[in-house]
Structures are given as C-alpha cells and as structure tokens.
Amino acid sequence: MERGGSRLPEDIAADLDGVGLDFLAWMDQRDLVLADLAQEHIDDWIAGATSQRRYLIRYFLKWTTSRRLTRELTVPSIPRQEPQDLLDEDDRWPLLQRCLTDDALPTDVRAAGAITLLFGPSTERLCHLTPEHLKFDDKHAHLVLGRHPVLLPPRLAELLRQLAEQPHLRPQLSRVDPGPRWLFPGMVPGKPASTHGMTQKLGRHGIPVRTARNAALAALAADLPSPILADVTGMHRHTALRWVAYARWDWAEYLAARAADETQSAHKGRDGARSE
C-alpha cells in the first residue's frame, strides 16, 4: 500500500490492511460509505479502541483523502506515554474522604485536593478558578471546569463557598483594582496561587497531585463518552479521546489478566483433583 506516493514499510502496511478492513466493517455496521465520513465518526472509532492499533487508521484515511474518496479528517496522535502512575483506588477514596471531613487540614488544601481527586483538572486550571466558576441554587452547587457544570458534593460545595466568601485583599499602597478574585489566591495580591506552589502545598499534606489527577481522569474516562468528558473537564476533545481509549484498553487488559488467572486456577484445581 502506498502513502502519499511512497510505499509504507511492509510490517506497517500489513497491519494497516487489517485496520483498514476492520474500519470498513465498522462503517458497514453503521451504513456508512467513505464519502459520508465526518469527524464525529473518526472520534467514535478511536473512542472504541482497546489498543493503540486503531490509530493506524490515519494512514488509510490519508490514502483515501489523496484519492478524493473522503474529506480531510483528523486522527489524534498515538499517545507517547500512557499515564502509568495512577493513585490506587483504595488510596484515592480514603484521601478524598479526608479532604471532605478533616477539619485539621487548611480549607484551601481540602477544596483543592477534593477537586483534583474527583475531576482531575490541570493544576493551572485549578489555580485560576474564581467565584464565577461556582453556581449555587436552592438545592445544588456546580463547578464550571468546561462547557457543562459538574455537580459538587455538599461538603465540597461548602468548602468552596467559604473560599469564595473570603476577604478580597487589596494592596494597601495601591488604588489599582487588584483584578479577579481567586478561590486559591497566591502570595502576591491579585495573583492566583502558582502551580508549583499548589503542587508543593498539596504534597506536604499527603496529596500527590499527578497520580491523584491521573486516577480521577482514568475513572471519569471509564464512565463517560469522550465528548462528555471533554465538556465537563474542559480538556481538548483529542485529549479526551486518548483518555477514553486508555481507560478501555486498561480495562480490557484487566479482564484478560483476570480470565488468565481464573483459567490457571481451574487447571490447578483439576491437577490437584487428579493427584488425590
């Protein structure tokens, strides 16, 4: 198979032929033809991946586009590194419970830690949250991280309400408006907490930001379609696609490993029965 006039390596071309056939079968199940392909179809194809192999469809689509069989379509890059460092769920939930209930922790640490453990925003996005990102009504409270607000647990909502109502510090020797009110203000008046400072502060209280964030995103990606994941977290849709693909791939590997363990246990059971 050729790619833009040059021949692909034989090992890639052989695998690509399989991916191309799988993709055509996938299209046939949805009554699609090449001329009808839209970006949403490619996104659905990638979101259903249980391995990185589906990303090879980019070469097939370049070939069809070069022959004007399809329009220009985008396939996200294969993630260079999967988020291997995830906080174990057995550690994540007790840590979240501590953030929500431990009055000995500073309020900003409890709120920032709970948001990270639940929704996994980047530390930069976390530090730049303002009271305008909070939506309160008679019964519920929501946090706006992306296009659609996310429902907050009552205890986290109360922590954020306290932060939103904290005094707005103004430099004593300046009449200049200090700018936005930050939920997590920094040491410099009018500036939010720095990402490094926030990471260090949470770490000092036993909240590992990177692994906690990865665990939260993996949990969300396992339950939400990529468009919704992108909408509620504010991440780019291609990033959401990669997280969903990772979560499904990781789950598939878990099921395969569990099946192998059960098969091995069954064999040992039969062997033990024979020896008696």
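For every chain, the first residue of the written sequence is number 1, and numbering continues from 1 along that sequence. Two thresholds apply to this predicted model, a pLDDT of at least 70 for residue-level local features and 80 or more for giving and counting side-chain atom pairs, whereas whole-chain, interface and lining totals are computed over all residues. Only hydrogens and water are set aside when side-chain values are computed; all heavy atoms of the structure are taken into account.

Moving on, we get to the overall build of the chain. Scanning the chain for helices and strands turns up eleven helices and five strands. Per-residue burial over the chain gives 39% buried out of 276 residues. Only heavy atoms matter for contacts: two residues are in contact if any of them lie within 4.5 Å across the pair. Restricting to contacts in the chain with at least 6 residues of sequence separation, those with at least 24 account for 60%. Computed with a 1.4 Å probe, the accessible areas rest on the Shrake-Rupley method; for each residue, only the protein chains presented here act as cover. Counting every atom, the chain has about 16,400 Å² of accessible surface; 51% of that belongs to carbon and sulfur. Segments assigned H or I by DSSP are reported as helices when at least four residues long, segments assigned E as strands when at least two residues long, and all are numbered from the N terminus. The cut-offs for exposure are 20% and 50% of the maximum accessible area for each residue type, with area from a 1.4 Å probe on protein chains only; residues under the lower value are buried, those over the upper are exposed, and the others partly exposed.

The next subject is the nonpolar core. Formed by 38 residues in total, the largest nonpolar core has its most connected members in Leu-152, Leu-156, Leu-160 and Phe-184. In terms of residue count, the dominant contributor to this core is helix 5 (residues 107–119) (eight residues). Dropping the residues within four chain positions of it, Leu-156 is found in contact with Leu-100, Ala-111, Ala-114, Ile-115, Leu-118 and Phe-119. We call a set of buried Ala, Val, Leu, Ile, Met, Phe, Trp, Tyr and Cys residues a nonpolar core when their side-chain atoms join them within 4.5 Å. Core analysis: the second largest hydrophobic core is formed by 32 residues, Tyr-59, Leu-61, Ala-221 and Tyr-246 among them.

Packed helix pairs are characterised by how far apart their axes lie and by the angle those axes make with each other. Here an angle of 0 to 180 degrees is reported between the N-to-C directions of two axes, which are lines fitted to C-alpha atoms, with helices fitted over the stretch in contact. Their axes nearest at 10 Å, the elements helix 5 and helix 8 (residues 195–204) cross at an angle of 100°. With respect to helix 8, the axis of helix 5 lies roughly perpendicular. Across from Asp-108, Val-109, Ala-112, Gly-113 and Thr-116 in helix 5, the residues of helix 8 making contact are Met-198, Lys-201 and Leu-202. Of the residues assigned to the contact of helix 5 with helix 8, the class counts are four nonpolar, two polar and two charged. In this scheme, roughly parallel covers angles under 35 degrees and roughly antiparallel covers those over 145, while 65 to 115 is roughly perpendicular and the rest are oblique. Polar here means any residue other than Ala, Val, Leu, Ile, Met, Phe, Trp, Tyr, Cys and Pro, which are nonpolar, and Asp, Glu, Lys and Arg, which are charged; Gly is therefore polar.

This paragraph deals with helix 9 (residues 209–223). Residue pairs three or four apart in sequence face the same way in an α-helix, which turns once every 3.6 residues. Each helix should span, by expectation, one fewer than its residue count multiplied by 1.5 Å. If you check helix 9, its first and last C-alpha atoms are 22 Å apart, about what 15 residues at 1.5 Å a residue would give, namely 21 Å. Within the span of helix 9, buried status applies to Val-209, Thr-211, Ala-212, Asn-214, Ala-215, Ala-216, Leu-217, Ala-218, Leu-220 and Ala-221.

What follows is about the pattern of salt bridges. Just to be clear on terms, a salt bridge is a Lys or Arg side-chain nitrogen sitting within 4 Å of an Asp or Glu carboxyl oxygen. For the coordinates displayed, the defined rule picks out six salt bridges. Arg-92 is the partner of Glu-89 in a salt bridge, and the nearest nitrogen-oxygen pair spans 2.9 Å. Taken together, the residues Glu-89 and Arg-92, both in helix 4 (residues 89–101) and three residues apart, mark about one turn of the helix. Look at Arg-92 and you get buried, because its relative accessible area is 4%. With a shortest N-O distance of 3.6 Å, Asp-231 and Arg-147 are connected by a salt bridge.

Helix 7 (residues 154–164) packs onto helix 4 with a crossing angle of 50° between their chain directions and a minimal axis gap of 9 Å. When the axis of helix 4 is compared with that of helix 7, the two are oblique. Helix-helix and strand crossings are classified by hand; for helix 4 and helix 7 the assignment is left-handed. Touching Gln-97, Cys-99, Leu-100 and Thr-101 of helix 4 are Arg-155, Leu-156 and Leu-159, all from helix 7. Across the contact of helix 4 with helix 7, the residue classes tally to four nonpolar, two polar and one charged. By convention the crossing between two helices is left-handed if the near helix lies anticlockwise of the far one by an angle smaller than a right angle, and right-handed if it lies clockwise.

Ring pairs are drawn from Phe, Tyr and Trp, using the six-membered ring of Trp, whenever the two centres fall within 6.5 Å, and their geometry is named by plane angle: stacked under 30 degrees, edge-to-face over 60, tilted for the rest. Tallied over the entire structure, the rule returns five aromatic pairs. Both rings, one in Phe-23 and one in Phe-60, keep their centres 6.2 Å apart while their planes meet at 70°; by these two values the pair is edge-to-face. Remark: Phe-60 occurs in helix 3 (residues 57–66) and Phe-23 occurs in helix 1 (residues 10–29); sequence separation between them is 37 residues. For the ring pair Trp-26 and Trp-45, a centre distance of 5.7 Å and an interplane angle of 75° mean the geometry is edge-to-face. One end of the pair, Trp-26, is in helix 1; the other, Trp-45, is in helix 2 (residues 39–47), and 19 residues separate them in sequence. For Trp-26, a relative accessible area of 7% gives the class buried. For Trp-45, a relative accessible area of 1% gives the class buried. Through a chain of ring-to-ring contacts, three or more aromatic side chains come together here, namely Phe-23, Trp-26, Trp-45, Phe-60 and Trp-63. For a ring to carry a charge above it, either NZ of a lysine or CZ of an arginine must fall within 6 Å of the ring centroid while also lying within 35 degrees of the normal to the ring plane. For Arg-92, the ring lying beneath its charged end belongs to Trp-93, and the centroid distance is 4.6 Å. The cationic tip of Arg-161 hangs over the ring face of Phe-136; the distance from NZ or CZ to the ring centre is 4.1 Å.

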